[in-house]
Amino acid sequence: MEVDGGAPLDDKAKRMRDLLSSFYSADPPPSMPSNTSSRYATLDTINTTSFDAEQYMNLLVQKSNLENLLQRHVEMAAEIKNLDTDLQMLVYENYNKFISATDTIKRMKNNIVGMESNMEQLLEKIISVQSRSDGVNTSLFEKREHIEKLHRTRNLLRKVQFIYDLPSRLGKCIKSEAYADAVKYYTGAMPIFKAYGNTSFQDCKRASEEAISIIKKNLQGKLFSDTESIQARAEAAMLLKQLDFPVDSLKAKLLEKLEQSIDDLRPESRDISNASVDCDEPSKQEIFIDSVPSTAHQASTHEFVEALRAYRVIFPDSEQQLIKLAQNLVTKNFEVTQQQIRRQIRSVDLLGMLQAIWTDVLLMDEVLPEAALSAFSIEAAHVAVKQYIDSRFSHLLLTISDALTKVQCRPKEGVEEEYTLESALGASKKAVTEGSMDVLQDFRQLLDDDLGLLVKLRALLNDWVQEGFQDFFRKLDNHFLLLSGKINSTGQDQGLTEGTQKEKIISGLLVVLAQLSVFIEQSAIPRITEEIAASFSAGGARGYEYGPAFVPAEICRIFRSAGEKFLHLYINMRTQKISVLLRKRFTTPNWVKHKEPREVHMFVDLFLQELEAIGTEVKQILPQGIHRKHHRTDSNGSTTSSRSNPLRDDRIIRSNTQRGRSQLLETHLAKLFKQKMEIFTKVEHTQESVVTTIVKFCLKSLQEFVRLQTFNRSGFQQIQLDIQFLRTTLKETAEDEAAIDFLLDEVIVAAAERCLDPIPLEPPILDKLIQAKLAKNSEQSPASSSLHGFSSP
C-alpha cells in the first residue's frame, strides 16, 4: 500500500503492521515464492506475510467496480480502527502488569533493609547471655562438687545401717507375718549383698538368707493352703515371684491340674458315653441327653469357673493360657455335640446340648471376658447347626432311597409277602412328605428357640433350610438317575446305590421313579413351599445379589423333566426287550421255504405275555386315564382303511397271482389319497397311554423286521394269521384303536410288498385258525385277559 502518490511507508507504519500480524496470526502460513506470487495472487492474500500492496490494488481495481471499491474502502477503514483499538488495549494491559511488578519489588526491598539490623542486635544479646552463664558455672563448680560428695556419703551410711539392721527387721516381720514388708526390705538389700556380701556384710547376709528361707516356706504353705483366701494366695504367689522362687513351675503344675479337670466336664467322660448310643434306641439317647444339663455337670462347671478366677488372680500373666483352656473346653463340648449329630439326634436333643454349652460359656465369660467365648461359641455353633441341617437332609435322602431299593431285593426265606411296586411308591411318597414335614418341624424348633446361640443364627438358619431343600432335591434327582442306571455312582453316592448296582435295574422301578417325580412336582413341592414361606422366609444373610435360596419353579421343572425321562426310559427298556423277541422270530426261519400256516405262531403268545407283565406293572403305579377310544371311524384318517380293505375284500380270495398283484397296486394308489394319521403322540402318565405307546413301538419294530425279509406265499399267510390274531386280541388293549389297526395294516402291507406271491388266506380258513387259538387260550388262562382290564373303568 502506498500513500501520497506512491510514497513508501515509513518505519513506524511497518512496525505497526508487523505487530498486528504477529498478534492475530500465531502461526503465519509459509510465504509463497516471489516468482509464483503474481500467478496465484488473490484478494485473500492481505492477511499473509507475503502481501504485496501494489499487486493487491491492481487486482482489486481489475475485479471491482467503483461502488465495490468505495464499500471496500469503508470496510478497510473500520478494520483499521478496530485494530488500533485492540492494540491500544493490549498495550494498556501489559503496562498495568509492569506497574504492579514494580510496586512489589519496591515493597520487598524496604522490608529486607530493616531486617538486617534486627538480626545483628539479636546476635549480640545471645553472645552476652552465654558469657554470663559460663561465669556462673565456673564460680559454683567447686561448691557443687562438695555438696554432691557429702550427699553420697550420707546415703552410703544409711544403706550400711539398713544392712546391719536387716536381720532383726526380717525377724519382726516373720513374727507379725508381714511378709510383704520383709520381701521389700530383702529385695532392697540384694544389690549390696551381691556386691559386698563376702566382706564385712557376710554375717548380715547369712542371717538375712536364713530369715528369707523361713519366709519362703511360710509363703508356699500359704499358697497351697485351701483355707486361705484367694487374695492371700495371690499375694503369696507374687511375693515368691519377687524372691526369685520358681513360681512358673508351680503355675505349670496348677494349670496342668486345671486342664485335667476339663475331661471331667466333657459329656463323653460320663458313664453313659461308654455305651454305644444308637438312634434306634430312644431310651439310651434320652438318658444321654438328659445327663448333659445335670446337677453334677453344673457343679463341676462352677468349680472350674472359680478355679479360673483364682488362677487369674494368682498368676496375672497366665491370661493367654487360661483363655486357651476355656476355648478348649468349649471346642471339646462342640466336638461331642457333632459326634451326636452324626448319630441322627432330634432337634430337642440338640437344643439341650447347646443350652448346656451356652450356660457354661456365660459363666466363663464373667471371669475371662478377654477370651470372647460368646463369639467363639457362636462360630462353633455355626458349624454344628449347619452339620445338623445337612445331616437331617442326608438321612431323609437315605430313607427315600431305602424305600425305593427294597424293590431290588429279593424276599427273604420265611417272608411270604413280596415288596411290590405299589408298596415302594407308597413308602417313597410317605418318606418324601412326612420326612420333609418332620425335618421342617425340627428346624422350626431350632428357629423358635430363644437360646442366645441360635438367636444370632436365625437369618443364617432360614437360608440354610432353604438352601438345604434346594440342594436336597437336586441330589434326589441325581439319585433317581443313579437308581435308573442313567449315570454311574460316585464315591459319595456309592453307599446309597450299593444294593441297586449289584443287580440289574428292574423296569418296574422306572415307573415308580416316574410317578414319584410327578408326585414331588405336583404335591410335595407346593406343600414344602407353603411351609417354608410360613416359617423360614425371613432369611437375607445370603445377599440380594445371590437371589432366593429356594426356587420351587426350578425344582418343579427338574422333576417334571425327570418324570417324562423315566417314563420314556421304561418304554424304551420294555420295547427293546420285546424287540429282541421279534428279531429272533424273523431272523430264525427261512421265510422263502416256509410251510403253510397251521396255527398262530408261538411268538404271539410270548409277545402277549410281555404285554401282560407290562400291564401288571403299570396297574400298580399309574392311574387310569380318561377313556378315549379312537376307533377307525374316529381317527384323523379316512373312514375306510385303504390299506386293509383290499386284503379284506372278497377279491382277496381269487387265486390268480396277477390279480393279487393288482390289488397290491391298488393299495399303493390308495396310499397317495389317504389322509395322514398321527400315530405317535405325547406319552401321558396313565396306564393306557404307556401300554399303547409300547404296543405302537413294538408294531413299528415288527414292520421294520418284516421289511428286511423275503416271503413266499406260506410265509406271507403266516404273517397274516399272526397279525389278524393280534388284531383281535389287542382290540381292547390300546387306547388308540385306529392307530393300532393302522400299524397292523402296515405290517401286512410290508409283508405283501416283500412277498414273491402275495396271495392271502381265505377268510373262512383265517377265522377257523383264530377261533382255534382263542379256544386253546381260554383253556390255558389266556394272556389277553389281564390286558382287557385297561378298557374297564
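Procedures and definitions
Residues numbered from 1 in each chain as written. Predicted model: local features only at pLDDT ≥ 70, side-chain atom pairs only at ≥ 80, totals over all residues. Heavy atoms only, no water. Helix = DSSP H or I, 4+ residues; strand = E, 2+ residues; numbered from the N terminus. Buried < 20%, exposed > 50% of the residue type's maximum accessible area, 1.4 Å probe, protein only. Contact = heavy atoms within 4.5 Å. Areas by Shrake-Rupley, 256 points an atom, 1.4 Å probe, with all protein chains shown as cover. Expected span 1.5 Å × (residues − 1). Axes fitted to C-alpha atoms, helices over the stretch in contact; angles between N-to-C directions. Parallel < 35°, antiparallel > 145°, perpendicular 65-115°, else oblique. Left-handed = near helix turned anticlockwise from the far one by under 90°. Nonpolar A, V, L, I, M, F, W, Y, C, P; charged D, E, K, R; others polar. Salt bridge = Lys/Arg side-chain N within 4 Å of Asp/Glu carboxyl O. Core = buried A, V, L, I, M, F, W, Y, C linked by side-chain atoms within 4.5 Å. pLDDT = per-residue confidence, 0-100. Phe/Tyr/Trp six-rings, centres within 6.5 Å; stacked < 30°, edge-to-face > 60°. Lys NZ or Arg CZ within 6 Å of the ring centre and 35° of its normal. Lys, Arg positive; Asp, Glu negative; His and termini not counted. Patch = residues over 30% accessible without salt bridge, like charges linked within 9 Å, V, L, I, M, F, W, Y side chains within 5 Å.

A. Just the overall build of the chain, in detail. Counting secondary structure elements, the chain contains 27 helices and 0 strands. Scored against the burial criterion, the 793 residues of the chain give a buried share of 40%. In the chain, 79% of the contacts between residues at least 6 apart in sequence involve partners at least 24 apart. In the structure as shown, the chain presents an accessible area of about 45,800 Å², 53% of it carried by carbon and sulfur atoms.

B. Representation of unusual backbone geometry. Even without being a glycine, Glu177 presents a positive backbone phi close to 55 degrees. In this structure, Glu177 sits in the loop between helix 4 (66-176) and helix 5 (179-196).

C. Inspection of helix 17 (residues 458-484) at higher detail. Compared with the 39 Å implied by 1.5 Å per residue over 27 residues, the 39 Å span of helix 17 between its first and last C-alpha is a close match. In terms of burial, helix 17 is a largely internal element, 19 of the 27 residues being buried. Backbone geometry just after helix 17 places Gly485 at a positive phi near 85 degrees.

D. Highlighting the packing of helix 25 (residues 713-729) against helix 27 (residues 763-779). It is at 10 Å that the axes of helix 25 and helix 27 come closest, and there the two elements cross at 55 degrees. The orientation of helix 25 relative to helix 27 falls into the category oblique. Classified by chirality, the crossing of helix 27 by helix 25 is right-handed. Each of Gln720, Leu721, Gln724, Phe725 and Thr728 in helix 25 lies in contact with helix 27, whose residues at this interface are Leu766, Leu769, Ile770, Lys773, Leu774 and Asn777. Here the contact of helix 25 with helix 27 is composed, by residue class, of 6 nonpolar, 4 polar and 1 charged.

E. Seen up close, the pattern of salt bridges. Counting across every chain of the model gives 17 salt bridges. Note that Arg727 is salt-bridged to Asp741, the shortest N-O span being 2.0 Å. Of this pair, Arg727 sits in helix 25 while Asp741 sits in helix 26 (residues 737-753), and the two are 14 residues apart along the sequence. Each of Arg574, Lys577, Glu610 and Glu617 takes part in one network of salt bridges that share partners.

F. Spotlight on the nonpolar core. Phe469, Phe473 and Ile520 are the most contacted members of the largest nonpolar core, which has 136 residues in total. Here this core gets 14 residues from one element, more than from any other, and that element is helix 20 (residues 552-587). Those residues in contact with Phe473 that lie beyond four places of it in its chain are Ile520, Ile525, Ile528, Ile555 and Phe559. Listed in part, the 23 residues of the second largest apolar core include Leu166, Ala182, Ala189 and Cys204.

G. Main features of the confidence of the model for the chain. Mean pLDDT for the chain: 76, with 73% of residues reaching 70 or above. Across the chain, the element-wise mean pLDDT spans from 36 in helix 9 (residues 271-274) up to 90 in helix 20. Note on residues 268-293: pLDDT is under 50 here. Beyond four places in sequence and across chains, it has 37 contacts. Low confidence marks residues 630-657, where pLDDT is under 50. Its contacts with residues over four positions away, or in another chain, come to 52 contacts.

H. Looking closely at helix 6 (residues 202-224). A rise of 1.5 Å per residue sets the reference length of helix 6, with its 23 residues, at 33 Å; its end C-alpha atoms lie 33 Å apart and thus fit the reference within 8%. Looking at helix 6, one finds that the buried residues are Cys204, Ser208, Ala211, Ile212, Ile215, Leu219 and Leu223.

I. Spotlight on the packing of aromatic side chains. Scanning the entire structure with this criterion turns up 14 aromatic pairs. A centroid spacing of 6.5 Å and a plane angle of 65 degrees characterise the contact between Phe469 and Phe550, whose relative ring orientation is edge-to-face. With Phe469 in helix 17 and Phe550 in the loop between helix 19 (507-535) and helix 20, this residue pair connects regions lying 81 residues apart in the sequence. No difference in accessibility class separates Phe469 from Phe550, as the two residues are buried. Judged by centre distance (6.3 Å) and plane angle (70 degrees), the rings of Phe480 and Phe566 are edge-to-face. Of this pair, Phe480 sits in helix 17 while Phe566 sits in helix 20, and the two are 86 residues apart along the sequence. Comparing Phe480 with Phe566 shows no difference in burial state: the two are buried. Through pairs of rings, three or more aromatic residues link up here, namely Tyr388, Phe393, Phe443, Phe469, Phe472, Phe473, Phe480, Phe550, Phe559 and Phe566. Here the basic side chain of Arg169 rests over the ring of Tyr185, its NZ or CZ set 5.6 Å away from the ring centre. The aromatic ring of Phe586 is capped on one face by Arg585, whose charged end is 6.0 Å from the ring centroid.

J. Highlighting the side chain of Asp477. Among the structural elements, Asp477 can be located in helix 17. Lys565 provides the closest opposite charge to the buried, unpaired Asp477, separated from it by 5.7 Å. Setting aside its immediate chain neighbours within four residues, Asp477 contacts Ile558, Phe559 and Ala562.

K. Local environment of a nonpolar patch on the surface. Residues Met115, Met119, Leu122 and Ile126 make up a contiguous nonpolar surface patch of roughly 420 Å² in combined accessible area. Counting through the fold element by element, Met119 comes out in helix 4.

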